[in-house]
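Structural characterization, general
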Amino acid sequence: MKIRGKVWKFGENIDTDAIIPARYLNTSDPQELARHCMEDADQEFPDKVSPGDIIVAGKNFGCGSSREHAPIALKAAGVACVIAPSFARIFYRNAFNMGLPIFECEEAARQIQEGHEVEVDADSGIIRDLTTGKEMKAQPIPPFMQELIADGGLIAHILKKSGSG
Amino acid sequence: MSRPMTIAEKIIAAHSGHDWVEPGQLVDVQLDMALGNDITAPISIEIFKKAGAKKVFDRKKIALVADHFTPNKDIKSAEQVRMLREFSQEHAILHFYEGGQVGVEHCLLPEKGIVLPGDVVIGADSHTCTYGALGAFATGVGSTDLAAAMITGRTWFKVPESIKIVYKGELQPWVGGKDLILYTIGDMGVDGALYMAMEFTGPVIESLPMADRFTMSNMAIEAGGKAGLINPDTITEEYVSKRAGRSYQVFRSDEDAGYARVIEYDCSAIEPQIAFPHLPENTVGISEVGTVELDQVVIGSCTNGRIEDLAVAAGILQGKTVAEGLRLIVLPATPAIWAEALEKGFLKIFSDAGAVIGPPTCGPCLGGHMGVLAKGEKALSTTNRNFVGRMGHPESELYLASPAIAAASAVLGRIGSPGELE
């Protein structure tokens with residue numbers, strides 16, 4: 001699986017209230033959540049993000065609440081993957097469960113700038129900054145996890161495997 | 001074969017069919033309780049149906065608590081609660097709470113003896129770690145993990161490393177559990193315990209009342225912790241024995257258990273703590289705050305909405321009035337706490353002081369309703385998070401502190417301590 005897109009940069013400790021404010025959690029509809037994705041960190045983000053874009057952020061991305069609405073909102077807004085030096089524990093698990101690929105790479109978080117074109121190869125974990133030509137490395141995503149992501153998350157994956165999806 | 005274990009390791013071992021476990025090991029554990037609320041459980045219920053599940057694993061081991069937007073703030077939130085209600089009726093869920101029965105989940109479940117020492121609990125709410133104060137292994141998960149747990153009664157864990165935090169010394173006046181945990185988060189940072197189990201120990205913890213212990217375990221997640229445990233003792237036993245409706249097993253860390261880190265704090269040097277916007281780690285002592293004028297003060301939540309918290313606030317507010325132009329909002333965390341506050345005269349004191357007294361609800365803590373902030377407003381709250389926009393407008397500011405500081409600040413109209421009122 002290869003992901004290629006334009007980068008939006010965010011700082012450290014981007015919490016789930018920034019990803020999707022709780023005032024919108026009276027629904028779990030992905031499209032509605034997408035309209036408010038990241039708005040408390042950057043009010044214009046829902047308008048300017050395009051399908052396939054990549055978020056590069058500082059450490060502890062996704063800290064705070066357990067809301068699965070956070071990866072749902074990011075995915076529905078078109079974010080193809082998130083790269084950060086570290087992720088909060090609950091968000092990490094929720095992201096894969098929802099089929100949102102995430103990559104831990106401190107160097108990429110430091111080097112890649114907003115607006116850069118970046119390509120991520122999930123098989124090798126290689127993150128290529130196409131704007132600067134620099135290559136960095138994260139942990140690859142193993143094939144079974146890539147399959148889970150391709151199926152749209154854990155539950156869709158299990159249903160497909162059990163033949164009832 | 002055996003090895004010295006921490007309380008977290010012992011509980012996980014006992015629930016996964018192992019004699020012992022060690023950090024990093026992946027285990028499949030049996031759950032004693034799975035929890036969801038009106039924000040997270042609707043997604044779990046949808047997944048449950050989509051997966052074609054017909055039955056929950058155990059109708060007595062699932063708690064659905066409609067506490068976040070109660071009393072339902074709009075049509076959409078009422079629809080979410082309807083989903084919980086219908087699901088609970090269909091599956092005869094024993095612990096479904098709404099309306100006049102609902103309280104803030106992490107105060108309600110311990111109060112009713114639904115979570116007990118030695119339990120493994122997962123909840124689709126990050127503050128599920130609160131139950132660590134009872135000596136349970138409890139952690140927050142997402143809605144998908146909750147859905148799977150409702151079907152199977154099991155989940156998988158990576159056994160976390162533990163950090164032992166030892167609190168020593170004499171507590172200063174007006175310093176309690178809230179100040180100790182804010183100080184700890186200030187020292188360790190919001191990811192200082194990422195993926196780890198925090199274990200709060202030492203002479204100070206051993207004499208700390210349950211309410212303060214719940215406050216500390218509640219905020220383990222604000223340091224990134226997977227859990228925040230306290231070894232059960234006579235104080236735990238006294239709290240639990242009159243509430244437990246089933247048997248439970250007490251686990252305590254072995255003296256020679258292994259820890260990733262051991263941290264020691266001299267509490268005699270800790271003054272009341274205030275977390276400045278916009279992270280719980282931005283803590284300073286009350287003497288360093290300077291002048292911060294406030295528009296609103298909130299006393300309540302799963303962190304500090306217990307009767308002991310209200311007693312402290314009432315003691316300070318008795319015979320005093322809230323500063324002009326400031327809104328004080330008091331939200332007792334459960335119906336039982338509300339009733340006790342009424343009986344003890346606390347509500348009269350709050351009312352005479354000019355406070356708004358609300359129902360048990362998470363409401364303003366997450367900027368939901370019942371105390372949302374306008375642009376540029378400043379509030380001090382006894383809740384647990386002060387992220388950007390947490391209590392309302394993204395350009396509002398939120399400060400976190402104890403009920404004592406909150407009550408005094410409400411009278412002063414700025415952040416200050418009870419000592420200034422004398």
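Overview of the structure. This structure is a prediction, so every number in the text was calculated from the model and none was measured. (Residues numbered from 1 in each chain as written. Chains lettered and ligands numbered in written order. Predicted model: local features only at pLDDT ≥ 70, side-chain atom pairs only at ≥ 80, totals over all residues. Heavy atoms only, no water.)

Here the focus is the overall build of chain B. Scanning chain B for helices and strands turns up 14 helices and 18 strands. For chain B, whose C-alpha radius of gyration is 21 Å, the value lies close to the compact-globule estimate of 22 Å for 422 residues. Considered along the principal axes of its C-alpha atoms, chain B spans approximately 60 × 50 × 40 Å. Split into buried and exposed, the 422 residues of chain B put 63% on the buried side. Partitioning the intrachain contacts of chain B with sequence separation of at least 6 by distance along the chain shows that 75% fall at a separation of at least 24. (Helix = DSSP H or I, 4+ residues; strand = E, 2+ residues; numbered from the N terminus. Rg over C-alpha atoms; globule rule 2.2 N^0.38 Å. Buried < 20%, exposed > 50% of the residue type's maximum accessible area, 1.4 Å probe, protein only. Contact = heavy atoms within 4.5 Å.)

Take the nonpolar core next. Formed by 106 residues in total, the largest nonpolar core has its most connected members in F61 and L74 of chain A. At seven residues, helix α14 (residues 403-412) of chain B tops the list of elements feeding residues into this core. Structurally, this core is a two-domain feature, drawing no fewer than three residues from each of domain 1 (7-18 + 26-264) and domain 2 (273-416) of chain B. Among the nonpolar cores identified, the runner-up in size contains 42 residues, and L182, A193, M216 and I230 of chain B belong to it. (Core = buried A, V, L, I, M, F, W, Y, C linked by side-chain atoms within 4.5 Å. Domains from an automatic or database assignment.)

Turning next to the packing of helix α2 (residues 41-50) of chain B against helix α5 (residues 143-152) of chain B. All names here are of chain B. Contact geometry for α2 and α5: axes closest at 8 Å, N-to-C directions at 55°. Here α5 runs oblique to α2, going by the angle between their axes. α2 and α5 meet at a crossing whose hand is right-handed. Here α2 contributes I43, S44, I45, I47 and F48 to the contact with α5, which in turn contributes S143, T144, L146, A147, M150 and I151. (Axes fitted to C-alpha atoms, helices over the stretch in contact; angles between N-to-C directions. Parallel < 35°, antiparallel > 145°, perpendicular 65-115°, else oblique. Left-handed = near helix turned anticlockwise from the far one by under 90°.)

Turning next to the sheet that holds strand β6 (residues 137-140) of chain B. Adjacent strands of a sheet form backbone hydrogen bonds with each other and so pair up, either parallel or antiparallel. Residue and element names in this part refer to chain B. Taken in spatial order, the five strands make up an open sheet running β4-β3-β2-β5-β6, and their pairing is parallel. Every interior strand has two partners, whereas the edge strands, β4 (95-97) and β6, have only one. With direction set aside, neighbouring strand axes in the sheet form an average angle of 10°. Two strands pair when backbone bridges link them, and strand β5 (residues 120-123) and β6 are joined in this way by four bridges, in the parallel orientation. Each residue of the ladder has a partner; that of V121, found in β6, is A138. Strands β2 (33-37), β3 (62-65) and β5 of the sheet are contacted by α5, whose axis makes an angle of about 135° with β2. (Pairing = 2+ DSSP bridges.)

Listed per partner, the contact involves 42 residues of chain B and 35 residues of chain A. Summed over both sides, the interface between chain B and chain A buries roughly 3,200 Å², with carbon and sulfur atoms accounting for 53% of that surface. Together, I43, T144 and Y195 of chain B form the three largest contributors to the area buried by chain B at its contact with chain A, with a combined 17%. Between the two partners, chain B and chain A, sit four salt bridges. Taking the shortest distance from any N to any O, the salt bridge between R390 of chain B and D17 of chain A comes out at 2.7 Å. Our enumeration of links across chain B and chain A arrives at 21 residue pairs in polar contact (both at pLDDT 80 or more). Counting residues per element, the ones that place at least two in the side of chain B that touches chain A are α2, α3 (75-91), β6, α5 and β7 (154-158) of chain B. Take the side of chain B that touches chain A: its biggest share by element is four residues, from α2 of chain B. Of the residues contributing to the side of chain B that touches chain A, the split by class is 17 nonpolar, 13 polar and 12 charged. (Buried area = accessible area lost by both parts, 1.4 Å probe. Salt bridge = Lys/Arg side-chain N within 4 Å of Asp/Glu carboxyl O. Polar contact = N/O pair within 3.5 Å; in protein donor to acceptor, adjacent residues only side chain to side chain. Nonpolar A, V, L, I, M, F, W, Y, C, P; charged D, E, K, R; others polar.)

Let us now look at the pairing of strand β1 (residues 2-9) of chain A. On any regular strand, side chains alternate: one points to one face of the sheet, the next to the other face. Residue and element names in this part refer to chain A. The sheet contact formed by β1 and strand β5 (residues 117-121) spans five bridges and is antiparallel. The residue of β5 that forms the bridge with G5 is V118. Note: β1 against strand β2 (residues 54-56), three bridges, orientation parallel. Note that in β2 the partner of K9 across the bridge is V56.

This brings us to helix α7 (residues 143-151) of chain A. Residues and elements named next belong to chain A. The set of residues buried in α7 consists of M145, Q146, L148, I149 and D151. Buried positions along α7 lie against α5 (89-98) and α8 (154-161). Taken from the residues just after α7, G152 is the one with a positive phi, measuring 100°.

In terms of burial, helix α4 (residues 69-76) of chain A is a largely internal element, six of the eight residues being buried. Here the buried face of α4 of chain A lies against α1 (16-19), α2 (30-34), β2, β3 (81-84) and α5 of chain A together with α2 of chain B. Two residues or fewer past α4 of chain A, G78 of chain A is found with a positive phi of approximately 105°.

Residue and element names in this part refer to chain B. Mapped onto the elements, E271 comes out in the loop between β11 (261-266) and β12 (273-275). Of the side chains with opposite charge, R414 lies nearest to the buried E271, which makes no salt bridge, at 12 Å. Leave out the neighbours within four places in its chain, and E271 touches Q172, V175, D179, G285, I286, S287 and E288. (Lys, Arg positive; Asp, Glu negative; His and termini not counted.)

In this section: the packing of aromatic side chains. Counted under the stated rule, the structure contains 14 aromatic pairs over all chains. Seen in terms of ring centroids, F214 of chain B and Y239 of chain B are 5.4 Å apart; in terms of plane orientation they differ by 65°. Their pairing is edge-to-face. Linking F214 of chain B in helix α8 (residues 210-218) with Y239 of chain B in helix α9 (residues 234-241), this pair joins segments that are 25 residues apart in sequence. Ring pairs connect the aromatic residues F61, F87, F91, Y92 and F96 of chain A, which therefore count as one cluster. (Phe/Tyr/Trp six-rings, centres within 6.5 Å; stacked < 30°, edge-to-face > 60°.)

Here the focus is the environment of N218 of chain B. All names here are of chain B. For N218, the location among the structural elements is in helix α8. N218 gets classed as buried once you look at its relative accessible area, which sits at 0%. The spacing of N218 and D352 is 134 residues in sequence and 31 Å in space, taken between C-alpha atoms. Side-chain polar atoms of N218 contact the side chain of T130, separated by 3.1 Å.

Right, let's get into the sheet that holds strand β7 (residues 135-137) of chain A. Residues and elements named next belong to chain A. Across the sheet, seven strands lie side by side as β4-β3-β2-β1-β5-β6-β7; this open sheet has mixed pairing. Strands with a single pairing partner mark the edges of an open sheet, and in this sheet they are β4 (102-104) and β7. On average, each strand axis in the sheet is tilted by 30° relative to the strand beside it, whichever way the strands run. Pairing between β2 and β3: three bridges, direction parallel.

Right, let's talk about empty space enclosed by the protein for a bit. A water-sized probe, rolled over the atoms, reveals where empty space remains. All names here are of chain B. With the rule as written, the count across this model stands at three cavities of 30 Å³ or more. Its volume calculated, the largest cavity comes out at about 260 Å³. As for the largest cavity, its lining consists of 24 residues, of which H68, D125, H127, L366 and R390 are closest to the centre. Residues belonging to the lining of the largest cavity are distributed by class as follows: eight nonpolar, 10 polar and six charged. Shared between two domains, the lining of the largest cavity holds at least three residues of each, these being domain 1 (7-18 + 26-264) and domain 2 (273-416). Of the volumes computed, that of the second largest cavity is approximately 70 Å³. (1 Å grid on protein atoms, 1.4 Å probe; cavity = no way out; pocket = protein on both sides within 12 Å on 5 of 7 lines; lining within 4 Å. Points joined across faces, edges and corners; volume = space filled by probe spheres on them.)

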